[in-house]
Amino acid sequence: FKYSVIKEAIITNIYGVHNLEGIPYEESIIKRDRNNLPVDFPKGYYRKLNLSMFPKFKEITSAIWINFLDFNHIGHLLTETCANIYPLLLWAEKGVDLKQLTIIISIKCKDYKEDLAKLLNIDSKQIIFVGPEDIPLKVNQLYIPSPTMVLSKFMNPNHSEIVKAYLKLYIRNVEKSEEYADKNDYFSNHIRKIVPGKYPTKVYISRSRLLTDIRKFIDEVQIERELISYGWTIVYPERTSISNQL
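All residue numbers here refer to positions counted from 1 along the written sequence of the relevant chain. Per-residue local features of the predicted model are confined to residues with pLDDT of at least 70, and side-chain atom pairs are confined, for both listing and counting, to 80 or more; whole-chain, interface and lining totals are unaffected and use all residues. In computing side-chain values, all of the structure's heavy atoms are included and hydrogens and water are not.

A.B. asks: It is not clear to me how the pattern of salt bridges should be interpreted in this structure. Could you clarify?
C.D. replies: Here a salt bridge means any side-chain nitrogen of Lys or Arg lying within 4 Å of a carboxyl oxygen belonging to Asp or Glu. Applying the stated criterion to the full structure yields 7 salt bridges. Across the salt bridge formed by glutamate 8 and lysine 138, the nearest N and O atoms sit 3.6 Å from each other. With glutamate 8 in strand S1 (residues 3-11) and lysine 138 in strand S5 (residues 137-145), this residue pair connects regions lying 130 residues apart in the sequence. With relative accessibility at 34%, the residue glutamate 8 sits in the partly exposed group. Partly exposed describes any residue whose relative accessible area lies between the buried limit of under 20% and the exposed limit of over 50%, with all areas from a 1.4 Å probe on protein chains only and scaled to the type maximum. Relative accessible area serves as the criterion here: at 17%, lysine 138 is assigned to the buried category. Note that glutamate 26 is salt-bridged to lysine 31, the shortest N-O span being 2.7 Å. Numbering of helices and strands runs from the N terminus; a helix is a DSSP stretch of H or I covering at least four residues, while a strand is a stretch of E covering at least two.

Dropping the structure here:
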């Protein structure tokens, strides 16, 4: 993978990473490059800071900067989140000891701190952010991974391998501790009977039982009944585990 190495990086509660003159590093900001439209900065645009407003800094020897996290939206998880945490995914999947690593995230991503720690099987205290009341950080050597994809611009051919690494870690460290009380009926009744090569060959993935009406269509339940009469299996992904889905 590729990454930038920033010497004497300054991190405050303002999104992004700055140098000692308060000039921001563009690579520390998540962006989406829309064709024929202005570039979208979903977490905020980078700007110059007046560092004199910060009387002191807490010094850290080295750390890795993660500019985007979203573990709630599966689309942004498998794309932008994986694209920016991929060094951590690959290290953890290969069994590298991450317990001495300091990970810095933006305060805008603080709600996903515990999710990242659980995924990597590390102490959440290793993951830090700077809040409005916190002393800003000065990192002597900060690593910023170059993303493996930018929405509407490019995707690295190896991004699919990174997603596979994420799924392996999820099954290993997260899924094993979760309960799926409302499992899909098919998997609840047949999971012990399924062997490789014996999976259903006609599968319809349905959105009809989602709790939201977003991207639903009225006749889906009727379509399911019709498909079942022709021997199809209906699967509701949100009601079964990632292992079963795979």
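Additional details are given in the paragraphs that follow.
A.B. asks: What is the right way to look at helix H1 (residues 74-93) in this model?
C.D. replies: One less than the number of residues in a helix, times 1.5 Å, gives the span that helix is expected to have. Over its 20 residues, H1 runs only 20 Å from end to end, short of the ideal 28 Å by more than 12%, given 1.5 Å per residue. Trailing H1 by a residue or two, glycine 95 shows a phi angle of about 85°, which is positive.

A.B. asks: Explain the pairing of strand S2 (residues 58-66) here, please?
C.D. replies: Walk down a regular strand and you will see the side chains alternate between the two sheet faces. For two strands to be treated as a pair, DSSP must find no fewer than two bridges joining them. Pairing between S2 and S5: 6 bridges, direction parallel. Its bridge partner lying in S5, serine 62 is registered against glutamine 141. Two elements, S2 and strand S3 (residues 103-105), share 3 bridges in a ladder whose sense is parallel. Across the sheet, the residue bridging to tryptophan 65 is isoleucine 104, located in S3.

A.B. asks: How should empty space enclosed by the protein be read in this particular structure?
C.D. replies: Remark: the empty space left among the atoms is shown by a probe the size of a water molecule rolled over them. A 1.4 Å probe that fits but cannot get out identifies a cavity on a 1 Å grid over protein atoms alone, an open set with protein on both sides within 12 Å along at least five of seven lines counts as a pocket, and a residue lines either if it has an atom within 4 Å of a point. Grid points are joined across faces, edges and corners, and a volume is the space filled by probe spheres set on the points. Using the criterion set out here, one finds 1 cavity of 30 Å³ or more in the structure. In this structure, the largest cavity spans a volume of roughly 40 Å³. Along its surface, the largest cavity is lined by Ile11, Thr12, Asn13, Ile14, Tyr15, Gly16, Trp65, Ile105, Ser106, Ile107 and Val130. Each residue is assigned to one class: nonpolar for Ala, Val, Leu, Ile, Met, Phe, Trp, Tyr, Cys and Pro, charged for Asp, Glu, Lys and Arg, and polar for all the others, Gly among them. In the lining of the largest cavity, the residues fall into 7 nonpolar, 4 polar and no charged.

A.B. asks: Please explain unusual backbone geometry as it appears in this structure.
C.D. replies: Trans peptide bonds make up most of the peptide bonds, and negative phi angles are found at most residues other than glycine. For asparagine 121, which is not glycine, the phi torsion reads 60° and is therefore positive. Examined against the element boundaries, asparagine 121 turns out to sit in the loop between helix H2 (113-120) and strand S4 (127-128).

A.B. asks: How should I be thinking about the side chain of arginine 32 in this particular structure?
C.D. replies: Of note, arginine 32 is situated in the loop between S1 and S2. Given the relative accessible area of 11%, arginine 32 is considered buried. Within 3.5 Å is the distance limit for a polar contact, defined as a pair of N or O atoms, with the added protein rule that one can donate a hydrogen and the other accept it, and that residues adjacent in sequence qualify only through two side-chain atoms. There is a polar contact of 2.8 Å between the side chain of arginine 32 and the side chain of glutamate 80.

A.B. asks: Looking at this structure, I do not really get the packing of aromatic side chains. What am I missing?
C.D. replies: Here a ring pair, both rings aromatic, is described through the centre-centre distance and the interplanar angle of the planes. Put simply, two rings from Phe, Tyr or Trp (the six-membered ring, in Trp's case) pair if the centres are within 6.5 Å, and we call them stacked under 30 degrees between planes, edge-to-face over 60, tilted for the rest. Applying the stated criterion across every chain yields a total of 6 aromatic pairs. Aromatic pair phenylalanine 41 and tyrosine 45: ring centres 4.7 Å apart, planes at 90°, arrangement edge-to-face. Taking the relative accessible area as the measure of exposure, phenylalanine 41 reaches 18% and is therefore buried. Where tyrosine 166 meets tyrosine 170, the ring centres are 6.0 Å apart and the plane angle is 40°; that geometry is what we call tilted. Taken together, the positions of tyrosine 166 and tyrosine 170, both in helix H3 (residues 159-174) and 4 residues apart, correspond to about one turn of that helix.

A.B. asks: Explain the sheet that holds S1 to me, please; I cannot follow it from the model alone.
C.D. replies: Taken in spatial order, the 5 strands make up an open sheet running S1-S5-S2-S3-S4, and their pairing is mixed. The open sheet has two free edges, formed respectively by S1 and S4, since each of these has just one partner strand.

A.B. asks: What should I look at first to understand the layout of surface pockets in this one?
C.D. replies: Estimates place the volume of the largest pocket at around 880 Å³. Lining the largest pocket are 26 residues; nearest its centre among them are Phe71, Asn72, Ile74, Leu77 and Ile242. Of all the elements in the fold, those that place two or more residues in the lining of the largest pocket are H1, H2, H3 and helix H6 (242-245). Tallying contributions element by element places H3 first for the lining of the largest pocket, with 5 residues.

A.B. asks: Even after reading the chapter, I still don't get a nonpolar patch on the surface, so can you show me in this structure?
C.D. replies: Taken together, Phe1, Tyr3 and Val5 make up a surface patch of nonpolar side chains, about 300 Å² in accessible area. Among the structural elements, phenylalanine 1 can be located in the segment before S1. Overall, phenylalanine 1 belongs to the partly exposed group, its relative accessible area being 49%. The patch calculation keeps residues exceeding 30% relative accessible area without a salt bridge and links them within 9 Å when they carry like charges or within 5 Å when they are nonpolar (Val, Leu, Ile, Met, Phe, Trp, Tyr). Computed with a 1.4 Å probe, the accessible areas rest on the Shrake-Rupley method; for each residue, only the protein chains presented here act as cover.

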